[in-house]
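# Per-entry structural report
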Amino acid sequence: MTDLLIRGADIVGRGRSDLLIRDGRFVDPADAGADGEELDADGLVALPGLVDLHTHLREPGREDAETIESGTLAAARGGFTAVLAMANTTPVTDTAEAAEHVAALGARDGHAQVVPVGAVSKGLHGVELAELGLMARSRARVRVFSDDGHCVSDARLMRRALEYVRAFDGVIAQHAQDQQLAGAAACCHEGEISGKLGLPGWPTAAEASVVARDIQIAELTRSRLHVCHVSCAETVDVIRWAKQRDINVTAEVAPHHLMLTTNEVLNYDPTYKVNPPLRPNEHVDALREALADGTIDAVATDHAPHARHDKEHAFAEAAFGMLGLENALAVVIETMINSGLSWPELAKRMSIMPAHIARLADQGRSLTESQPANVVLVDPAARAVVNRDQSASLSRNNPWHGRELPDPVVATIWAGRVTYQKAR
Amino acid sequence: MLRSSFTALRYRPEVVPRRLLRRPEEDLLSGTGAPQARPGDPTPDVGTGSSDSRVVLDADQIARACARMAHQILEANRGAKDLVLMGIPTRGVALAHRLATVMDEVESVKVPVGALDVTMYRDDLRRQPTRPVGHTHLPVEIDGSTVVLVDDVLYSGRTVRAALDALGDLGRPRAVQLAVLIDRGHRELPIHADHVGKYIPTRTGEHVSVRLAEIDGVNQVSIEPGDPFRGGT
Amino acid sequence: MRHLLSAADLDRTQITEIFDLAEEMSLVQGRPVKKLPALRGRTVVNLFFEDSTRTRSSFEIAGKWLSADVINISAKGSSVSKGESLRDTVLTVAAMGVDALVIRHHASGAPWQASHWIDAHVLNAGDGTHEHPTQALLDGFTIRRHLRRSAPDLVDFEGKTVAIVGDITHSRVARSNVLLLSTLGAQVTLVAPPTLLPPGVDSWPVLACTDLDEVLPHADIVMMLRVQRERMSGGYFPTPREYTIGYGLTRPRLEAMKSGAAICHPGPMNRGLEISADAADAANSLILDQVAAGVSVRMSVLYELLGGAE
């Protein structure tokens, strides 16, 4: 492999320097040979490759909506070098074999590292534990377990799962949704707009109450709890309380919850149907604040591709979810960097912490000698109007379509390999 | 009462030769051009102030035309027996009431007056935005009666065609006649009026504006140059 | 007017026009020939994703009396389970060359979505728990007729109080009536147990109250809503008996009504639950007038939408 010299990048916003990549790792730039390739990074910020804790790649099962190939290409375009592939595929990732299959597909087709998430319960049914230990011990080395899409409602099952994964330093990523307070039909934040539109409401209490319960169980079991896609101020309060008490809880927020509000559903456009739902502005503000102060540890996309025909139903019957990988960094720059978050803090929320939570040894490392060369070059000033038809994803449910956002990703390098480079 | 009003309404019936219909600019009733406004006439309101618009009937002339038509109708039908006046909204209804008033004054007969809205029977509904629908009112059963349709202006004949269809859905009159205040020519259907207040030759693009005090606060008929792309009424 | 999706699409003038025309249309129903030729050559499709014999036949008769060709398509059952999307279904029907789609759907917003996909006029014939604008129009029309009996020149509902009682949260009739009646100037008061008042009701142009007996003596119109059977087991109130005692229009409450006040119910009624037989059949009950107004009002709406140029 030839050398790749990145010239003049601002390293995580701390100052300019060159980066030399050889055999997938950073080496001393002074060693640069004459025959290597060069990338001019003047004016660009270099960040560690982004890590997404929450991606739906749809393969195996729904290859019409997304494949590991297309999904990771979208990831590379978004600056990600690793994605955690959620377990709600067909078949469900609830065995070692299923996990290894996903990991193998990722190794073969991926434009980023694909790390399978294991199901907490068999078939995501919330009744019996899946083979957590075997998945952990498999070649896929599963550490994150989640029934995402479904809440682990049974407190006893949640307790057992949390206890059990302690043996291999695993973490339970909970999709917090009280099924009694927000059933399967709930599709709109419960409030003025749900009342007006006659849509089944999804109250914030349905999320915060489950998180509160899980935090108590995490404290009881001294295990690691991760809260998926925090959507409301009440959940932030509960997590803040838990962190003050040193309970081992981490949390993520999705880009759409940092920017979009319930108003988007006023037109009954199912593109904006997502679970948990978009919330009113005060929640968006609370989430930004929590991400800034570290109460929320990570940004995770909840990238959820859907075929057109699964979205073009009546709002209440359309599939939940929206695309996220390609525009996540843009949204975080727009909402956070532009209001004061530093580049090192952003790197922490989008790379270092996600890698740490998922226990990914080769991701979220510093851009220094001998570290794996996972890096994204970012142009903080570039902007563009999002066009869903230019997506690498096979699906088009992009909530940012038609909006002007930052267009930051110039190049993504995963393990020394350029997985994406913007046409200049 | 009867005598005085009869005197007031004295008139000389005129037979209008049909060959004269298309002769432009000729006032067949008075033999003059645009009549002079007289003191006491209501002031024409906005819209007639346009220098291009010309008044062709003033209040007195309209009254005389109505009176003459009322007499004609009674004469043609040998009285008011089984007669029903059906005005076509909006101004046709007002005219029908005027005709009935004259008939009452002349013969002391109460001729029933109704309204026949033809909007939903028009053949040009799809050529313009949704038209407001007027009121239809049948004062008596019309089966076996002689219905006189009353309208302000007879032009293409399409409104009358619609009125005949509308009438057919309401019953089966013994005979249907047509009375109009103004016949402006340019028929597009084989329809003619039985009783005409005044023939006014016009050009296709022109607009004949009939204003009646009941609706417009003024009695006046004028011709306005129309929008060449819209055609007149 | 291109579509009728919500009662909020109509201003006071438009509502009055629809009412006035509906009066004319109701006269047509007394004629030997009940048909008007206004919509000759127009095709109206009743696309019903949810059963409703009453609304469907009312639209069907309205269309036919205006000489439109009316076709009923039942698309019952979830299209999700059939594998065809709502968009596919709507586009397929629209591709047959229809001028108007009358859509009834069990999910809120479906007609709204459909209106963005096709060129034909879309009429909301009831969508989920959202709106049912033609029901509100016929309710408003019936109320105007009632009020005009004592005040023939009445043009709007200024100074009148309408109480809407029952399951507001899940009622499309309530939502459309709130919008329509308040546009006409009425003071709308919603009465329901707190479990059946929708979230965000504070932002509606209404008063909301949980005590029927407090509201009843002040209401000029009392509109009782049907209690859906599935709500009874949904834990929104303890027992049907408790509901009737709290929120039913019982005989004693009938006595407590303001003199001259009238009773409405969009039907079908649960006699003995939200409305007693005494109230349903009372002299001041407008319930049968509501049913009778359905065709006239829908003729009026169809004409407003389809009567002119595209």
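Chains are numbered independently. Their residues run from 1 in the order of the written sequence. For naming, the first written chain is A and the first written ligand is 1, with later ones following in the order written. Per-residue local features are limited, in this predicted model, to residues with pLDDT of at least 70; the limit for side-chain atom pairs, both in listing and counting, is 80 or more; totals at the level of whole chains, interfaces and linings are taken over all residues.

## Some words on the overall build of chain B
A tally of regular secondary structure across chain B gives 5 helices and 8 strands. Runs of E in the DSSP output that reach at least two residues are strands. Runs of H or I that reach at least four are helices, and both are numbered from the N terminus. Traced from its N-terminal end to its C-terminal end, chain B shows the element sequence α-β-α-β-α-β-β-α-β-β-β-α-β. Residues with at least 20 neighbouring C-beta atoms inside 10 Å of their own are called buried, those with 12 or fewer are called exposed, and the rest are partly exposed, where every C-beta is derived from the backbone. Scored against the burial criterion, the 233 residues of chain B give a buried share of 39%.

## Some points on the overall build of chain C
A count of helices and strands for chain C gives 13 helices and 9 strands. Relative to the 2.2 N^0.38 estimate, which gives 19 Å for 310 residues, the radius of gyration of chain C is 19 Å and therefore close to what a compact globule would have. The C-alpha extent of chain C, read off along each of the three principal axes, is 55 × 50 × 35 Å. Restricting to contacts in chain C with at least 6 residues of sequence separation, those with at least 24 account for 75%. The quantity called the radius of gyration is restricted to C-alpha atoms. Its globule counterpart is 2.2 Å times the number of residues to the power 0.38. Note on contacts: residues are paired as contacts if their backbone-placed C-beta atoms lie within 7 Å.

## Description of the sheet that holds strand S8 (residues 220-224) of chain B
Residue and element names in this part refer to chain B. At least two DSSP bridges between two strands are needed for those strands to be called paired. Across the sheet, which stays open at both edges, the 3 strands sit in the order S1-S8-S7 with antiparallel pairing between neighbours. The open sheet has two edge strands with one neighbour each: strand S1 (54-57) and strand S7 (207-211). Between one strand axis and the next, the sheet turns by 30° as a mean value, whatever way the strands run. Judged from the 3 bridges that link them, S1 and S8 form a sheet pairing that is antiparallel. Counterpart to Leu 57 in the pairing with S8 is Val 221. Throughout, an axis means a line fitted to C-alpha atoms (over the contacting stretch in the case of helices), and angles, computed between N-to-C directions, take values from 0 to 180 degrees.

## Describing the nonpolar core
By definition, a nonpolar core groups buried Ala, Val, Leu, Ile, Met, Phe, Trp, Tyr and Cys residues that are joined through C-beta atoms within 7 Å. Judged by nonpolar contacts, the single largest core of 306 residues is most densely connected at Ala 46 of chain A, Leu 99 of chain B together with Val 222 of chain C. For this core, the element with the highest residue contribution is helix H13 (residues 287-306) of chain C, accounting for 10 residues. Apart from the residues within four sequence positions on either side, Ala 46 of chain A is in contact with Ile 6, Ala 9, Asp 10, Ile 11, Val 12, Leu 19, Ala 41, Leu 367, Val 375 and Leu 377 of chain A.

## Digging into the sheet that holds strand S3 (residues 100-105) of chain C
Residue and element names in this part refer to chain C. Here we have 4 strands laid out as an open sheet, ordered S2-S1-S3-S4, and parallel in their pairing. With partners counted over all chains shown, the strands left at the sheet margins are strand S2 (69-74) and strand S4 (121-127), one partner each. Strand-to-strand twist of the sheet, defined as the mean angle between neighbouring strand axes without regard to direction, takes the value 15°.

## Examining the arrangement of the chains
In this assembly 2 pairs of chains touch, with chains A and C having more contacts than any other pair. There is no contact between chain A and chain B; across them, the least C-alpha separation is 27 Å.

## Digging into the interface of chain C and chain B
Of the residues lining the interface, 15 residues belong to chain C; the matching set on chain B comes to 16 residues. Broken down by secondary-structure element, the contributors of at least two residues to the side of chain C that touches chain B are helix H1 (12-28) and H13 of chain C. Take the side of chain C that touches chain B: its biggest share by element is 4 residues, from H1 of chain C. Polarity classes work like this: nonpolar for Ala, Val, Leu, Ile, Met, Phe, Trp, Tyr, Cys and Pro, charged for Asp, Glu, Lys and Arg, and polar for all others, with Gly in that last group. Among the residues forming the side of chain C that touches chain B, the class breakdown is 9 nonpolar, 2 polar and 4 charged.

## With respect to unusual backbone geometry
Of note, the amide linkage connecting Glu 59 of chain A to Pro 60 of chain A takes the cis form, showing an omega dihedral of 5°. The linkage connecting Gly 267 of chain C with the following residue, Pro 268 of chain C, adopts the cis geometry, with an omega of -15°. Relative to the elements of secondary structure, Pro 268 of chain C occurs in the loop between strand S9 (262-264) and helix H12 (277-280). The backbone of Arg 222 of chain A sits at a positive phi, close to 50°, despite the residue not being glycine.

## Observations regarding the interface of chain A and chain C
Contacts between the two partners involve 18 residues from chain A, matched on the other side by 23 residues from chain C. It is helix H5 (residues 192-197) of chain A that contributes the most residues to the side of chain A that touches chain C, 5 residues altogether. Tallied by class, residues from the side of chain A that touches chain C come to 6 nonpolar, 7 polar and 5 charged.

## Topic: the confidence of the model for chain C
Low pLDDT marks stretches whose predicted atomic positions should not be read closely. Here pLDDT means the predictor's own confidence in every residue, given as a number from 0 to 100. When pLDDT is averaged across chain C, the result is 94; 98% of the residues are at 70 or more. Taken together, the chains of this predicted complex give a pTM of 0.89 and an interface ipTM of 0.94.

## Some words on the domain arrangement of chain C
Residue and element names in this part refer to chain C. Domain delimitation follows an automatic or database domain assignment. In terms of domain boundaries, chain C breaks down into domain 1 (7-132 + 293-306) and domain 2 (133-290). Relative placement of domain 1 and domain 2: their C-alpha centres are 25 Å apart. Elements with a minimum of two residues in the side of domain 1 that touches domain 2: H1, S4 and H13. The leading source of residues in the side of domain 1 that touches domain 2 is H1, at 6 residues. Looking at side-chain class alone, the side of domain 1 that touches domain 2 contains 11 nonpolar, 8 polar and 5 charged residues.

## Overview of the confidence of the model for chain B
Looking at chain B, the pLDDT average stands at 81 and 75% of residues meet or exceed 70. Confidence drops under a pLDDT of 50 for residues 1-50 of chain B, and excluding neighbours within four residues, the segment shows 52 contacts in the predicted structure.

## Details of helix H6 (residues 205-221) of chain A
Residues and elements named next belong to chain A. Here H6 spans 24 Å end to end across 17 residues, near enough to the 24 Å set by a 1.5 Å rise per residue. Those residues of H6 lying buried are Ala 206, Glu 207, Ala 208, Val 210, Val 211, Asp 214, Ile 215, Ile 217, Ala 218 and Thr 221. In the core, the buried residues of H6 are packed alongside helix H4 (155-165), strand S10 (171-174), strand S12 (201-202), strand S13 (225-227), helix H7 (233-244) and strand S14 (249-253). Count one or two residues on from H6 and you reach Arg 222, which has phi positive near 50°. Given a helix with a known number of residues, its expected span is that number minus one, times 1.5 Å.

## Some details on the packing of H1 of chain C against helix H6 (residues 133-150) of chain C
Helix-helix packing: each pair is described by the crossing angle between the helix axes and the interaxial distance. Residue and element names in this part refer to chain C. For the pair H1 and H6, the least separation of the axes is 10 Å and the interaxial angle reads 70°. It follows from the interaxial angle that H1 and H6 lie roughly perpendicular. For the pair H1 and H6, the contacting residues are Ile 15, Ile 18, Phe 19 and Ala 22 in the first and Leu 137, Gly 140, Phe 141 and Arg 144 in the second. Here the contact of H1 with H6 is composed, by residue class, of 6 nonpolar, 1 polar and 1 charged. For classification purposes, angles smaller than 35 degrees are called roughly parallel, those larger than 145 roughly antiparallel, those between 65 and 115 roughly perpendicular, and all remaining angles oblique.

## Thoughts on helix H5 (residues 110-117) of chain C
Residues and elements named next belong to chain C. Burial of H5 is extensive: 6 of the 8 residues sit out of reach of the surface. Among all positions in H5, only Ala 110, Pro 111, Trp 112, Gln 113, Ala 114 and Ser 115 are buried. Taken together, the buried residues of H5 touch helix H4 (86-94), S3 and S4.

## Details of the pairing of strand S16 (residues 375-378) of chain A
All names here are of chain A. Because side chains alternate across S16, one face comprises the buried residues Val 375 and Leu 377, and the other comprises Val 376 and Val 378, equally buried. Across 4 bridges, the pairing between strand S5 (residues 45-48) and S16 is antiparallel. Residue pairing for S16: Leu 47 is matched across the bridge by Val 376. Of the strand pairs in this sheet, S16 and strand S19 (residues 409-414) are connected by 4 bridges, and their pairing is antiparallel. In the strand pairing of S19, Val 375 is matched with Ile 413.

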